[in-house]
Amino acid sequence: MKGRRGWAIWITGLPSSGKSTIAHLLVEKLSNMGIKVQVLESDELRRVLTPRPKYTEEERNWFYNVMAWIGWLLVRNGVNVIFDATANRRAYRERARRLIGADRFMEVYVRCPIRVCMERDVKGIYKLALEGKASTVPGLQVPYEEPVKPDVVVDTDRMSPEECADVILRHILKRFYRGASEALGRDEVGGR
C-alpha cells in the first residue's frame, strides 16, 4: 500500500529488564508474518552519536530527542520502528509520542524488579555502579520514571521473553492492523 505511514513502539524498562531480548523476538515474529521493522537500539546509536557517553541529563535529553526524531523520520516514510531504550524520563518517551503521533505510537513497559535486573546484569552496569565506576544508572543512581499509562505492560520476572513478545505482538496487530492477523503476509498488510 503506497504512502502508508509506519508505526512505532517504545520498549522501556530498567537496564537488564529484558527489553533487547523481547525486541529481537518481536522482529523475528513480525518478519515471519511479512512485516518489516527497524530496531533503534540505544547502545548501538550511542556508539555513533555519543561514542564517549557521559550520561548527563543534558546529553540524555539531546540523545533521546535525536532518537525520537530518527524514529519519526522512519515512520513518516513507511518504516515500522521498535525503540529499544530505557529512556529513564517520561518526557523522552512522550516527546516521541507527540512527534510520531499518538495514533502511530505505542509505549510498552517491560516491568521487572530492580533486584532481578541486578541479578541478570547482562552488561555489568549495576556492578560498575556498586563498585563506584558508574554514577548514572537508571533506577539505582538516577530516577527511572515508570510510564503512567503504558499501552502494554509485561512482567519479565514472571513471564518468559517469548510470552512477553506474544503479548506485545497481539497488541501491535490489534492497534496497527485492526486485528487482521488472517491477512498478514499479504501485500496489503504485510510488506511493511
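Each value, and the rule that gives it
- Residue numbers here run from 1 along each chain, matching the order of that chain's written sequence.
- The model is predicted, so local features are restricted to residues of pLDDT at least 70 and side-chain atom pairs to those at 80 or more, both for listing and for counting; the totals for chains, interfaces and linings are taken over all residues.
- Only hydrogens and water are removed before side-chain values are computed, so all heavy atoms of the structure are retained for them.
- Axes, fitted as lines to C-alpha atoms, cover a helix only where it is in contact. Angles between the N-to-C directions of the axes lie from 0 to 180 degrees.
- Secondary structure elements follow DSSP: runs of H or I no shorter than four residues count as helices, runs of E no shorter than two count as strands, and numbering proceeds from the N terminus.
- Each angle is binned into one of four classes, with values under 35 degrees roughly parallel, values over 145 roughly antiparallel, values of 65 to 115 roughly perpendicular, and all other values oblique.
- By the definition used in this description, the sense in which the near helix is turned from the far one sets the handedness, with an anticlockwise turn below a right angle giving left-handed and a clockwise turn giving right-handed.
- Note on contacts: a residue pair qualifies if any of its non-hydrogen atoms lie within 4.5 Å across the two residues.
- Under this grouping Gly is polar, as are all residues other than the nonpolar Ala, Val, Leu, Ile, Met, Phe, Trp, Tyr, Cys and Pro and the charged Asp, Glu, Lys and Arg.
- Following DSSP output, two strands are said to pair if at least two bridges run between them.
- The span one expects for a helix is its residue count, reduced by one, times 1.5 Å.
- In this analysis a 1.4 Å probe is tested at points of a 1 Å grid over the protein atoms alone, and where it fits but cannot get out there is a cavity; an open set with protein on both sides within 12 Å along at least five of seven lines is a pocket; lining residues have an atom within 4 Å of a point.
- Grid points are joined across faces, edges and corners, and a volume is the space filled by probe spheres set on the points.
- Disulfides are defined in this document as cysteine sulfur pairs within 2.5 Å.
- Salt bridges are defined by distance alone: a side-chain nitrogen of Lys or Arg within 4 Å of a carboxyl oxygen of Asp or Glu.
- Whether a residue is buried, partly exposed or exposed follows from its accessible area with a 1.4 Å probe, protein chains only, as a fraction of its type maximum: under 20%, in between, or over 50%, in that order.

**A closer look at the packing of helix α1 (residues 19–32) against helix α7 (residues 161–176)**
- Relative orientation of the contacting elements α1 and α7 amounts to 55°, with a least axis distance of 9 Å. Here α1 is positioned oblique relative to α7, judged by the angle of their axes. The hand of the α1/α7 crossing is right-handed. Touching T21, I22, L25, L26, K29 and L30 of α1 are P161, E162, C164, A165, D166, I168, L169 and I172, all from α7.
- A class-by-class count of the residues in the contact of α1 with α7 yields ten nonpolar, one polar and three charged.

**Some remarks on the sheet that holds strand β4 (residues 105–111)**
- In space, the five strands of this open sheet follow the order β2-β3-β1-β4-β5, with parallel pairing throughout. Two strands in the sheet have a free side with no partner beyond their single neighbour: β2 (38–41) and β5 (152–155). Strand-to-strand twist across the sheet, computed as the mean angle between neighbouring axes with direction ignored, equals 20°.
- Bridge analysis of strand β1 (residues 8–12) against β4 gives five bridges, and the strand direction is parallel. Of the residues in β4, the one forming a bridge with A8 is F105.
- The strands touched by helix α2 (residues 42–49) are β2 and β3 (81–84); relative to β2, the strand with the most contacts, the crossing angle is about 65°.
- Across the sheet, helix α3 (residues 57–76) lies against β1, β2 and β3, angled at about 165° from β3, the strand it touches most.

**A short note on α3**
- An ideal rise of 1.5 Å per residue puts 28 Å on 20 residues; α3 measures up with 28 Å between its terminal C-alpha atoms.
- Tucked inside the fold, the buried residues of α3 contact β1, β2, α2, β3 and α4 (90–100).

**Focus: the layout of surface pockets**
- Its volume calculated, the largest pocket comes out at about 780 Å³.
- Lining the largest pocket are 35 residues; nearest its centre among them are P15, S16, D43, K123 and I125.
- Every element with two or more residues in the lining of the largest pocket is listed here: α1, α2, α3, α6 (125–130) and α7.
- In terms of residue count, the dominant contributor to the lining of the largest pocket is α1 (four residues).
- Grouping the constituent residues of the lining of the largest pocket by class yields 15 nonpolar, eleven polar and nine charged.

**A closer look at the state of the cysteines**
- Considering all chains together, one arrives at zero disulfides under this definition.
- No disulfide involves C112; its sulfur sits 3.8 Å from the nearest other cysteine sulfur, which is in C117.
- Free of any disulfide, C164 has its nearest neighbouring cysteine sulfur in C112, separated by 9.4 Å.

**Notes on the pattern of salt bridges**
- Per the counting criterion, the structure on display carries 15 salt bridges.
- Across the pair K29 and D166 runs a salt bridge, and its minimum N-O distance is 2.8 Å. Separated by 137 residues along the polypeptide, K29 in helix α1 and D166 in helix α7 bring together distant segments of the chain.
- A residue is classified by how much of its surface remains accessible, and D166, at 27% relative accessible area, is partly exposed.
- The salt bridge partner of D155 is R111, with a shortest N-O separation of 2.6 Å. Placement of the pair is D155 in strand β5 and R111 in strand β4, with a sequence separation of 44 residues.
- Overall, the relative accessible area of 11% leaves D155 in the buried class.
- Exposure remark for R111: the relative accessible area of 36% places this residue in the partly exposed category.
- When salt bridges with common partners are traced through the structure, they connect R93, E94, R97, E107, D151 and R175 into a single cluster.

Remember that the coordinates give geometry; whether it matters functionally is a separate question.
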